[in-house]
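Descriptive structure summary
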Amino acid sequence: MHACLTPYDKLHVMGLRLMDIPRHELAMHVAQAACRRARMLVVNANAHCVVLAQRAPWLRDLFDRADIAFCDGAGVQLAALFLIGRRPHRTTPPEWIGHVLQELGADASIFWLGGEQSVVEEAARAFEARYGVRTAGIRNGFFDATAGSTDSEDIIRQITAAGPNLMLVNMGMPRQERWLHDNWDRLPPTVAITAGALVDHAAGRVRRPPRWVANMGLEWLVRLSREPKRLWRRYLIGLPIFGYHVLRWRLQLERRSTS
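What this report covers is the structure whose coordinates are included nearby. Quick caveat, the model's predicted, so the values are computed rather than measured. (Residues numbered from 1 in each chain as written. Predicted model: local features only at pLDDT ≥ 70, side-chain atom pairs only at ≥ 80, totals over all residues. Heavy atoms only, no water.)

**A few points about the side chain of His 181**
By the element assignment, His 181 lies in helix 8 (residues 175–183). Residue class for His 181 comes out buried when judged on its relative accessible area of 17%. Those residues in contact with His 181, other than ones at most four positions away along the chain, are Trp 58, Asp 61, Leu 62 and Arg 65. (Helix = DSSP H or I, 4+ residues; strand = E, 2+ residues; numbered from the N terminus. Buried < 20%, exposed > 50% of the residue type's maximum accessible area, 1.4 Å probe, protein only. Contact = heavy atoms within 4.5 Å.)

**What to know about the packing of aromatic side chains**
A full pass over the atoms with the stated rule returns three aromatic pairs. Ring centres of Trp 112 and Phe 127 lie 5.3 Å apart, and the angle between their planes is 55°; on these two criteria the pair is classed as tilted. Residue Trp 112 is found in strand 5 (residues 109–113), and its partner Phe 127 is found in helix 6 (residues 117–131); the two are separated by 15 residues along the sequence. Its relative accessible area of 1% is what places Trp 112 among the buried residues. For Phe 127, a relative accessible area of 3% corresponds to the buried category. Measuring from ring centre to ring centre gives 5.3 Å for Phe 127 and Tyr 131, while their planes differ by 85°; the resulting arrangement is edge-to-face. Remark: Tyr 131 and Phe 127 occur in helix 6; sequence separation between them is four residues, near one turn of the helix. For Tyr 131, a relative accessible area of 17% puts it in the buried group. Members of the aromatic cluster, connected to one another through ring pairs, are Trp 112, Phe 127 and Tyr 131. The ring of Phe 143 has Arg 175 lying over it, and the distance from NZ or CZ to the ring centre is 5.0 Å. (Phe/Tyr/Trp six-rings, centres within 6.5 Å; stacked < 30°, edge-to-face > 60°. Lys NZ or Arg CZ within 6 Å of the ring centre and 35° of its normal.)

Have a look at this one:
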């Protein structure tokens, strides 16, 4: 069941349901849900996610089920403006998770899922020192994430025993989304966030570029320059494919409006 967040418009962008919500209000709702130990699923969409969603019904279903699904990327923001005449608020977890943890302090109990073991441990220690939060558990991302696997079953039991009120899922897209789609209904009440590379930011392994870079839509270029071997395919091939799908959706919308 979706949380009661009625003041925010629900936008449908290229098959995904997104919420037009400012980052400070997003952080407020996440903190409130964690304080109540409520169930809340928070997901985000960038250009890579939108491309994947064109052929992945399960991913569109996850966004439909999510309590908060927000825009994370200038490409999606511009696509929404081009297709439906709306420019939704855009943010990313590293920009607002600190506000959530500052608000919760010692009331925050975090389970980290995904990332390299040493990086996750470093991130957990950094958040404990910076915000006074508690680490409920850690599980690196090197496991069999298929539904019903022995690894996944063990992780569900570990999360259930730990009882966190926040779960940061840092397994990369679409692996983190698929795992949540397959297992969300079996997890205990918690606020689960698809956090991507947040673990690397928290551990100090990666630094975000200045906000003006993101506002100009150039954050992808900074990321590509830092991790060319890992990200060249996503950006140099993925962005033109994203553009193709944007144009395809525009043609579909024009046909519907004239029929």
